[in-house]
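Summary of structural features
Spelled out from the first residue to the last, the chains are:
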Amino acid sequence: MIPIIAIAIVAIASTVLGALSLRVARSTSDFLVASRSVRPALNASAICGEYLSAGTFLGLAGLVMTFGVDMLWYPVGYTAGYVILLLLVAAPLRRFGAYTIPEFAQGRLGSPMLRRVSAGFVLLIGWMYLLPQMKGAGITVATLTGAPYWVGVILVAVIVAGNVAFGGMRGITFVQAFQYFVKVFALSSAAIVLLIVGFGVSGVQAFGSNGPRVRECTRIPMAAGKPLQAIDKIFVVPGFSKSAAAMLEALGIDDVSKVRVSGGRLHEDLVRRGAVIDSLARNPGPRSSNVHPYIEVFPGSSGTTKPTTSSPLITKIADPTLPASSVEKQRLAASNGCGNAGSLLLRVLPAGATYVTTANDVVIVPKGARVPSLVGGARVDGKAWERPFASKAKSRPHPLYAGYSLIIGTFLGTMGLPHILVRFYTNPDGPATRKTIIVVVSLLALYYVWPPIYGVLGRMWAPDLLLTGKTDAVVLLLPQRMVGGLGGQLLTGVLAAGAFAAFLSTASGLLISVAGAISHDLAPSATPAGTSIVRRFRQAAIIAAIVAALLGLRAERFDINVLVGWAFAIAASSFCPLLILGVWWRRFTWVGAMAGLLAGGGAAAVAIFTVMLGPKLTGWPAALLAQPAAWTVPIAFAACIAGSLLSQSKVPADTHARLARMHTPERPVRG
Amino acid sequence: VATRVARDPLALPNIEQPSGLSELALHTLMRAQLRMGLRYLSVIVFALVAVPLFLVNTSLLDDKSFVGVPVTWIVIGAGFFPLLLGVSVSYTRSISRLEAAYLQMVEST
């Protein structure tokens, strides 16, 4: 309940703040860039509020938990991206005075077509980046309330579309700054409490433990069709849903006379096959009045083994025809934890054994055992998890290449994010832009130290998520696992509020950029009479939100922060060369820029779509396509330069004036 | 000289104003600015290239830990931020000095 209230508070506060500032948002300038009157500290908070998305609030912890130390390069790249922005791009771009990348492209190189193609990449990057925000919202609402995945997706899409369509950027500046503080407070305060609890209970055990070991006997409900490989000995309670014959076969029971039944749907069927009717069932006494129907198997039946020597002589499974929740309750009651799990009918998977799950299977991992891995899964275990670039997983090949490519993509991609650049125009001039970036780097550092802590704690306290694949929810699940009770509820509430702040702020910023690109760069210049610019922007925002929601509904199976990394990789391969060469190279032409966008950005997009939609790959193709930036960024630069050199007649006549505008320092204001 | 003019954000930047800057002066200014940016950039690029290589090719940090956390985790997860902040602050100071000196030179001529 508390987490739901917390989400509601953040959602309502964002809407109210946005609505209040609606009253001051009158002109188009107010609407898009907050009239350039925002101070560096406030602007930096707003930039961070917009930048810190579901990717780092939820996704990064999940990745650290799964893949270990190599994932720490994400925050390094995310932060370093601002520094290269500062060193090469920020102040000149601010002086130039274009509001968006497409506008810069046309303003600098004089090609309306280049502007449209750039706007196309804004849409591609913007929607790619909106996907993980939608997924974050979906799993947050699902984790906290048990609602279906789509509820959160639709919720965030509606709130953000409303805020953006009616508040514009002015509203967003205050809201974004507010949301940075919500995020950093939530993540740090909860992490400190969890660290104290975790350290107090057990010290740091995640490292040196050679794999994710469960702290106590853990039952993991599984989806069907997952190929498991046991690392230590584990047990599976097969989820029976079919016939008595199927059940007997799944358990490998060949002698049905050793089965004793006490009612339930399979009762008659089993008895007909020769099972024994339980005496309790025949003479129900007071003790059995609240005993569910069950099936027992006498010892000695082939194919089943008891997990511990102290287990009872008979094994027992719940009647599969009962509703799931009561089956679970009965199983728990019957098994009394792992020590006595022998009272359930189990399939034993010795170390190294493989097993493909069927519907409703429950995996039981005894205390101290390692969570089984998925065959072909990319999870990193043992020493490789804590040591840099040490992964040997087939589906995660060439970790050093992947690391460098990730660094290149995030380092160079930041400047190409459409929703970040527009923020810098809210600075009054070049020097203020630089100050803003310094504050941004500090605020990011203050934030990025926390998410990996959740990943490490998750490895210790929620390793079962590694098997179910729901690692993106680890931040939200840890408080209940580690603290529980009211305290756990409160911490979950704080984290849920922070997570929602993350989706709302990033999604708002992205939606402004996407809607701006649609309404202001792509739309035909001849507008129907009576359609104001603001109205067009609002329509575009609503359309963009609908597309984002539809895509978000299909994004559940991708890791949040991996999606974010892909958006960065496309940005690095398209807009980074355009911006750097546009600011510094006098021989740059629109032909070169177009070649760079299409070759670099196109190659990155194709690589990523292949990974998302294509068959599973291994070896070098898998590494190159999953982290394309290391080769697509050089392609983009090469195409820009080659295209420009081949089209020197297209160098804009006023290049000198444009460069002068970018590079001439402002006169300090004399007081 | 660049000016701050309130304008319709949907219009393209107004480039018509004469810059008053000769080809050579602009070239010199841009070279100085770019060189300074690249100098600071090289520090970061060096760190981003060298640290992974170092970590892969040495076992020096293996199994070294500080309050239970491996040193490599601390180096990557926290060590880069002071470097990035330091570079940002230092660059901003230098470039401000450079641009102030340039303005002074322009005004005195």
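All of these numbers come straight from a predicted model, not from anything done at the bench.

Quick notes on the overall build of chain B
- Looking only at helices and strands, chain B has three helices and two strands in total.
- Ordered by position in the sequence, the α and β elements of chain B form the string α-β-β-α-α.
- Within chain B, the proportion of its 109 residues that are buried is 36%.
- Summarising the internal contacts of chain B: among those between residues at least 6 apart in sequence, 61% fall at separations of at least 24.
- Approximately 6,100 Å² of chain B is accessible, and the part contributed by carbon and sulfur atoms is 67%.

Structural notes on the overall build of chain A
- Counting its secondary structure elements, chain A contains 26 helices and 11 strands.
- With 671 residues in all, chain A has 61% of them scored as buried.
- Pairs at least 24 residues apart make up 83% of the contacts formed inside chain A by residues separated by at least 6 positions.
- Accessible area of chain A: about 23,500 Å², with a carbon and sulfur share of 65%.

Here we look at the nonpolar core
All names here are of chain A.
- Ranked by internal contacts, the top residues of the largest apolar core, which has 195 residues, are Tyr 51, Phe 57, Trp 73, Tyr 82 and Tyr 454.
- With 18 residues, the top contributor of residues to this core is helix α22 (residues 560-584).
- The residues contacting Phe 57, other than those within four sequence positions of it, are Lys 183, Ala 186, Leu 187, Tyr 447, Val 475, Leu 495, Gly 498, Ala 499 and Ala 502.
- If you look at the next biggest cluster of nonpolar residues, it comprises 15 residues, including Leu 228, Leu 349, Val 363 and Leu 467.

As for the packing of aromatic side chains
- Taken as a whole, this structure holds 20 aromatic pairs over all chains when the rule is applied.
- Judged by centre distance (5.4 Å) and plane angle (75°), the ring pair of Phe 96 of chain A and Phe 104 of chain A falls under edge-to-face. There is no split in this pair, since Phe 96 of chain A and Phe 104 of chain A are both buried.
- Grouping aromatic residues by their ring pairs yields a cluster made of Tyr 51, Tyr 74, Tyr 78, Tyr 82, Tyr 129, Tyr 447, Tyr 448 and Phe 568 of chain A together with Phe 81 of chain B.

Focus: the pattern of salt bridges
- Going through the model one piece at a time under the given rule, you end up with 12 salt bridges over all chains.
- Two residues, Asp 654 of chain A and Arg 658 of chain A, come together in a salt bridge whose shortest N-O distance is 2.4 Å.
- With a relative accessible area of 25%, Asp 654 of chain A lands in the partly exposed category.
- One connected set of salt bridges, linked through shared partners, spans Arg 95, Arg 434 and Glu 666 of chain A together with Glu 99 of chain B.

Re a nonpolar patch on the surface
Residues and elements named next belong to chain A.
- Taken together, the side chains of Trp 150, Ile 154, Val 158, Ile 542, Ile 546, Leu 550 and Leu 553 make up a nonpolar region of the molecular surface, amounting to roughly 650 Å² of accessible area.
- Elements supplying a minimum of two residues to the nonpolar patch: α8 (149-202) and α21 (533-552).
- Residue position: Ile 542 is located in helix α21.
- Using a relative accessible area of 39% as the deciding quantity, one classes Ile 542 as partly exposed.

A word on the layout of surface pockets
- The computed volume of the second largest pocket comes to approximately 510 Å³.
- Forming the walls of the second largest pocket are 21 residues, and the residues nearest its centre are Leu 195, Phe 207, Ile 453 and Val 456 of chain A together with Val 69 of chain B.
- Within the residue set of the lining of the second largest pocket, elements represented by two or more residues are α8 and α17 (451-461) of chain A together with α2 (71-77) of chain B.
- The biggest single contributor to the lining of the second largest pocket is α17 of chain A, with five residues.
- Of the residues in the lining of the second largest pocket, the class split is 18 nonpolar, three polar and no charged.

A few points about the interface of chain B and chain A
- Each side of the interface is counted separately: chain B has 59 residues, and chain A has 69 residues.
- Here chain B packs against chain A, burying approximately 5,900 Å² in sum over the two surfaces, 71% of which is carbon and sulfur.
- Inspection of the chain B/chain A interface yields two salt bridges.
- Here Glu 99 of chain B makes a salt bridge to Arg 95 of chain A, at a shortest N to O gap of 2.9 Å.
- Counting the contacts that link chain B with chain A gives eight residue pairs in polar contact (both at pLDDT 80 or more).
- When residues of the side of chain B that touches chain A are traced back to their parent elements, those giving at least two are α1 (23-57), β2 (69-70), α2 and α3 (80-108) of chain B.
- Tallying contributions element by element places α1 of chain B first for the side of chain B that touches chain A, with 20 residues.
- Among the residues making up the side of chain B that touches chain A, the classes are represented as 40 nonpolar, 12 polar and seven charged.

With respect to the pairing of strand β10 (residues 362-365) of chain A
All names here are of chain A.
- Of the two faces of β10, the one carrying Val 362 and Ile 364 and the one carrying Val 363 and Val 365 are both buried.
- Here strand β1 (residues 218-221) runs beside β10; their pairing, made up of four bridges, is antiparallel. Bridge pairing links Arg 219 to Ile 364 in β10.
- Bridging between strand β3 (residues 234-237) and β10 involves three bridges; their strand directions are antiparallel. Opposite Val 236, over in β10, you have Val 363 as the bridge partner.

Overview of the side chain of Thr 492 of chain A
All names here are of chain A.
- Its place among the elements puts Thr 492 in helix α20 (residues 485-522).
- Judged by relative accessible area, Thr 492 falls into the buried class, the value being 4%.
- With residues up to four places along the chain from it excluded, the contact list for Thr 492 reads Pro 3, Leu 144, Leu 476, Pro 479 and Gln 480.

Section: the confidence of the model for chain B
Residue and element names in this part refer to chain B.
- With 80% of its residues at a pLDDT of 70 or more, chain B has an overall mean of 80.
- This model gives residues 1-18 a pLDDT under 50, and the stretch forms 42 contacts once residues within four places in sequence are excluded.
- Across the assembled chains, the prediction reports ipTM 0.85 with pTM 0.83.

What to know about helix α16 (residues 430-448) of chain A
- For α16 of chain A, which comprises 19 residues, the first-to-last C-alpha distance of 27 Å matches the rise-based estimate of 27 Å (1.5 Å per residue) to within 8%.
- Of all 19 residues in α16 of chain A, 14 are buried, a share of seventy percent or more.

A word on the sheet that holds strand β9 (residues 354-356) of chain A
All names here are of chain A.
- Spatially, the three strands line up as an open sheet ordered β9-β2-β11, and their pairing is antiparallel. At either end of the open sheet lies a strand with only one pairing partner, and these are β9 and β11 (373-374).
- One ladder, built from two bridges, connects strand β2 (residues 227-229) with β11; its direction is antiparallel. If you follow Leu 228 over to β11, its bridge partner there is Leu 374.

Focus on the confidence of the model for chain A
Residues and elements named next belong to chain A.
- Confidence in the prediction for chain A averages 80 pLDDT; 76% of positions are at 70 or higher.
- Mean pLDDT across the elements of chain A ranges from a minimum in helix α12 (residues 324-335), with 41, to a maximum in helix α25 (residues 629-645), with 96.
- Taken together, the stretch residues 280-293 has pLDDT below 50 and engages in 14 contacts with residues farther than four places along the chain or on a different chain.

The rules we used
Residues numbered from 1 in each chain as written. Chains lettered and ligands numbered in written order. Predicted model: local features only at pLDDT ≥ 70, side-chain atom pairs only at ≥ 80, totals over all residues. Heavy atoms only, no water. Helix = DSSP H or I, 4+ residues; strand = E, 2+ residues; numbered from the N terminus. Buried < 20%, exposed > 50% of the residue type's maximum accessible area, 1.4 Å probe, protein only. Contact = heavy atoms within 4.5 Å. Areas by Shrake-Rupley, 256 points an atom, 1.4 Å probe, with all protein chains shown as cover. Core = buried A, V, L, I, M, F, W, Y, C linked by side-chain atoms within 4.5 Å. Phe/Tyr/Trp six-rings, centres within 6.5 Å; stacked < 30°, edge-to-face > 60°. Salt bridge = Lys/Arg side-chain N within 4 Å of Asp/Glu carboxyl O. Patch = residues over 30% accessible without salt bridge, like charges linked within 9 Å, V, L, I, M, F, W, Y side chains within 5 Å. 1 Å grid on protein atoms, 1.4 Å probe; cavity = no way out; pocket = protein on both sides within 12 Å on 5 of 7 lines; lining within 4 Å. Points joined across faces, edges and corners; volume = space filled by probe spheres on them. Nonpolar A, V, L, I, M, F, W, Y, C, P; charged D, E, K, R; others polar. Buried area = accessible area lost by both parts, 1.4 Å probe. Polar contact = N/O pair within 3.5 Å; in protein donor to acceptor, adjacent residues only side chain to side chain. Pairing = 2+ DSSP bridges. pLDDT = per-residue confidence, 0-100. Expected span 1.5 Å × (residues − 1).

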